Amino acid sequence: MHDSMIGVGSALRKARERRGITLDAASRDTKLHIDQLRALESEDFEALLGDVYVRGSLRTYSQYLGLSPDKVIGAYGRHADTPSPPPPPAKLGRVERAMAATRIRDNQRLMVFLAGTVLVIAVVFGLLSRGHSAPAPATLPTVAAQPDPLDREIDAVVEAVADVGVTVTIDGVESTYPMAAGETRTFSAQNDLELSVTDGGAVRLTVNGVDYGIPGPPGLPWSHPFSFGASEGATPSAGA
């Protein structure tokens, strides 16, 4: 476990545990070795085969767990692009210590000289600028807060296999769409998404990367709510 975690590993582990998936099952489904999955969840990226392999493994695993691959890889990328701190200096022998001490004394003399020069320049500049009005202080730009790289959405993809009416309620806002056979629509919500169709056997449904196939019986209406609460990960069922 690393001293500084970026949150990617814990998000993957929590998503897997929330769905009740073991590492053995995840390895079988994603074709990734268990040791590779453990390395991703513990953020031991050095144990994997380079940056390109890490990004590919993160995309496969996060999509399998229903997380946004772009957000997970973006969080990893900001960490990977940060340069590592320099290694601590090796112990010095007597000759090296003597040379280092000489350099330190020379640097101290140079700093004293530069400080004196800057002081003289400041005094001269102050005399020349006396009598002029002081400039207004500079305005610093406001830095916007960075969003959580793992902030999730509910993404539902509806593919019509026959003509069907679709009603979707996204975070409390309801909309209705007639869909022709072969048409595909994607809906996204921040918190809650409820999907209703006039014929449960006329659509194919995918939610956050999970393929539910044909969710209801042919000829009967079907509906189901999705959220990050109790219904997350539930299997949809036909409505009356």
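Quick caveat: nothing in here was measured; it's all calculated off a predicted structure. Within each chain, residue numbers correspond to sequence positions counted from 1 in written order. Local features in this predicted model are restricted to residues whose pLDDT is 70 or higher, and side-chain atom pairs enter the listing and the counts only when it is 80 or higher, whereas totals over whole chains, interfaces and linings include all residues. Side-chain numbers come from the whole structure's heavy atoms, not from hydrogens or water.

## As for the side chain of Ser-62
Quick note on the threshold: A helix here means a DSSP run of H or I that spans at least four residues, while a strand means a run of E at least two residues long, and both kinds are numbered starting from the N terminus. Any residue under 20% of the maximum accessible area for its type is buried, any over 50% is exposed, and the rest in between are partly exposed; the area is computed with a 1.4 Å probe on protein chains only. Contacts are assigned to residue pairs with any non-hydrogen atoms lying within 4.5 Å of each other.
Relative to the assigned elements, Ser-62 resides in helix α4 (residues 51-64). With relative accessibility at 0%, the residue Ser-62 sits in the buried group. Beyond its immediate sequence surroundings of up to four residues, Ser-62 is in contact with Leu-12, Leu-67, Pro-69 and Val-72.

## What about the sheet that holds strand β7 (residues 210-213)?
Put simply, the test is: Only when DSSP finds a minimum of two bridges between them are two strands counted as paired. As a rule, the C-alpha atoms of each element are fitted with a line to give its axis, helices using only the stretch in contact, and angles between N-to-C directions run from 0 to 180 degrees.
The 4 strands are arranged β4-β1-β6-β7 in an open sheet whose pairing can be described as antiparallel. In this open sheet, the two strands that pair with only one neighbour each are β4 (184-189) and β7. This sheet shows a mean twist of 20° between the axes of neighbouring strands, independent of strand direction. With 6 bridges joining them, strand β1 (residues 154-160) and β4 adopt antiparallel strand pairing.

## Describing the environment of Pro-218
You can see Pro-218 is positioned in the loop between β7 and β8 (222-227). Pro-218 gets classed as exposed once you look at its relative accessible area, which sits at 68%. Taking the C-alpha atoms as reference points, Pro-218 and Ala-202, separated by 16 residues in sequence, lie 6.7 Å from one another.

## What about the sheet that holds strand β5 (residues 192-197)?
Judged by pairing direction, the sheet is antiparallel, and its 4 strands sit side by side in the order β3-β2-β5-β8 without closing on themselves. Each end of this open sheet is capped by a strand with a single partner; those strands are β3 (173-179) and β8. Within the sheet, the average angular offset between the axes of one strand and its neighbour, ignoring direction, is 15°. Note that strand β2 (residues 164-170) and β3 share 7 bridges and pair antiparallel. Among the inter-strand pairings, Thr-167 is bridged to a residue of β3, identified as Thr-176.

## As for the confidence of the model for the protein chain
Rules: Per-residue confidence from the prediction method is given by pLDDT, with values spanning 0 to 100.
In this model, the protein chain carries a mean pLDDT of 78, and residues with pLDDT of at least 70 account for 65%. Here residues 230-235 is a poorly scored stretch, pLDDT under 50, and it has 11 contacts once near neighbours within four places are set aside; other chains count.

## Some words on the environment of Ser-62
Worth spelling out the cut-off: In protein, a polar contact means a hydrogen-donor-capable atom and an acceptor-capable atom, both N or O and within 3.5 Å, with residues adjacent in sequence counting only if both atoms are side-chain atoms; elsewhere, any N or O pair within 3.5 Å suffices.
The spacing of Ser-62 and Val-72 is 10 residues in sequence and 7.1 Å in space, taken between C-alpha atoms. A polar side-chain atom of Ser-62 sits 3.3 Å from the main-chain carbonyl oxygen of Arg-59.

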